[in-house]
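# An overview of the molecular structure
Next come the chains, spelled out residue by residue.
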Amino acid sequence: MDSPDKVKRIIEARMKLKARFETRMKLTPSVADDAPQGSGASNHHGMPSIPIGQTLTNKWPVLDLGDQPHISLDQWKLTIDGVVENPLQLTWEEFLDLPQTEDTSDFHCVTSWSKLNMHWKGVRLLDLAALVLPEESATHIMCYGYDGYFTNVSLEEALKPDVLLAHTYDGQPLPKEHGGPCRMITPQLYAWKGSKWIKRIEFMTKNKLGFWEEQGYSNTAYPWRNDRYSK
Ligand SMILES: Nc1nc2c(c(=O)[nH]1)N[C@H]1C(S)=C(S)[C@@H](COP(=O)(O)O)O[C@H]1N2
Ligand SMILES: [Mo]
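First, a word on scope: everything that follows refers to the structure included in this document. (Residues numbered from 1 in each chain as written. Chains lettered and ligands numbered in written order. Predicted model: local features only at pLDDT ≥ 70, side-chain atom pairs only at ≥ 80, totals over all residues. Heavy atoms only, no water.)

So, on to the overall build of the protein chain. Within the protein chain, the regular secondary structure consists of six helices and 13 strands. In terms of overall dimensions, the protein chain is globule-like: its C-alpha atoms have a radius of gyration of 17 Å, near the 17 Å expected for 231 residues. Its C-alpha atoms give the protein chain principal-axis dimensions of about 45 × 40 × 30 Å. By residue count, 51% of the 231 residues in the protein chain fall in the buried class. Across the protein chain, every contact between residues at least 6 apart in sequence was considered, and the portion connecting residues at least 24 apart equals 69%. For the protein chain, the exposed surface amounts to about 10900 Å²; the carbon and sulfur share of it is 51%. One finds the centroid of the 26 positive side-chain charges in the protein chain at a distance of 2 Å from the centroid of its 30 negative side-chain charges. (Helix = DSSP H or I, 4+ residues; strand = E, 2+ residues; numbered from the N terminus. Rg over C-alpha atoms; globule rule 2.2 N^0.38 Å. Buried < 20%, exposed > 50% of the residue type's maximum accessible area, 1.4 Å probe, protein only. Contact = heavy atoms within 4.5 Å. Areas by Shrake-Rupley, 256 points an atom, 1.4 Å probe, with all protein chains shown as cover. Lys, Arg positive; Asp, Glu negative; His and termini not counted. Charge placed at Lys NZ, Arg CZ, Asp CG, Glu CD.)

What follows deals with the sheet that holds strand β8 (residues 140-145). Strands sit in the order β5-β4-β13-β8-β9 across an open sheet of five strands; the sheet is mixed. In this open sheet, the two edge strands, each paired with only one partner strand, are β5 (88-91) and β9 (150-154). On average, each strand axis in the sheet is tilted by 15° relative to the strand beside it, whichever way the strands run. Pairing analysis gives four bridges linking strand β4 (residues 77-82) to β5, with the strands arranged antiparallel. (Pairing = 2+ DSSP bridges. Axes fitted to C-alpha atoms, helices over the stretch in contact; angles between N-to-C directions.)

Glancing now at the nonpolar core. Phe95, Ile141, Leu165 and Phe203 are the most contacted members of the largest nonpolar core, which has 38 residues in total. Among the elements of the structure, α1 (4-26), β4, α3 (92-96), α4 (125-132), β8, α5 (155-158) and β13 (198-204) are those that each provide at least two residues to this core. Not counting the four nearest positions on each side in its chain, Leu165 is found in contact with Leu78, Phe95, Gly122, Val123, Leu125, Leu128, Cys182, Arg183, Met184, Ile198 and Ile201. In this structure, Phe107, Met118, Leu174 and Ala191 belong to the second largest nonpolar core, which totals 12 residues. (Core = buried A, V, L, I, M, F, W, Y, C linked by side-chain atoms within 4.5 Å.)

On to the site of ligand 1, then. Around ligand 1 sit 19 residues, and of these Pro61, Asp147, His178, Arg183 and Lys196 come closest. Residue Leu65 places a main-chain N or O atom 3.0 Å away from an oxygen atom belonging to ligand 1. Measuring from an oxygen atom of ligand 1, one finds a side-chain N or O atom of Lys196 at 2.5 Å. Expressed as a share of its isolated accessible area of 530 Å², the protein-covered part of ligand 1 is 98%. (Near = heavy atom within 4 Å. Polar contact = N/O pair within 3.5 Å; in protein donor to acceptor, adjacent residues only side chain to side chain.)

The quantities given are spatial measurements derived from coordinates; they are silent on function.
Below is the structure:
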């Protein structure tokens, strides 16, 4: 862990970011939706645990473009840039030195499988944002994977506390086929919004479409409205 000073600065920046996006966050479907569609007991967000059109699986299927890059920990770098005050490139050691968060959350793939109660450990996107300090004009991020994948997320979604850059699953290093050494997760959106083998996060002043979004998949990707394709 870094010096108390640095931790204090991150905490302050984090509070400011939360305040800045509070209104827009309250309008996101997973917070504002008064009639979420799905079945099963409601989860801790008050959503039905199984979003409409999804089937539960205990296994963990692997879904990607077919190229699973191997990135050794000493080669691994995470770049965070775009419209930010302090662009950063983190080594693996520096990444693990940041505040770590453990969380249990669900995973919904648009191809219709859902896996519930997955236990993760990693760094909150919110804490990374607090380090780089997005400028006032920042509205979205583009996340890039080492395999060439890219996907866009609005900041009001990306700054939610369960959005992690995860390196550990169920107490074990995240396996390569699931995006190890480090991937992003977006538990309240379809899982394609979470880049495996994450390499770069670019803060942007407007929305741009990612790989699947360009192919007609939904920009917003909200599971409880069956929001799979762009309209
Ligand atoms: N870099 C990268 N990230 C990716 C993908 C990909 O092809 N490349 N596929 C996405 C899709 S469609 C899903 S459902 C999840 C699958 O994660 P899993 O293979 O660990 O189940 O990763 C997402 N992140
Ligand atoms: Mo997916």
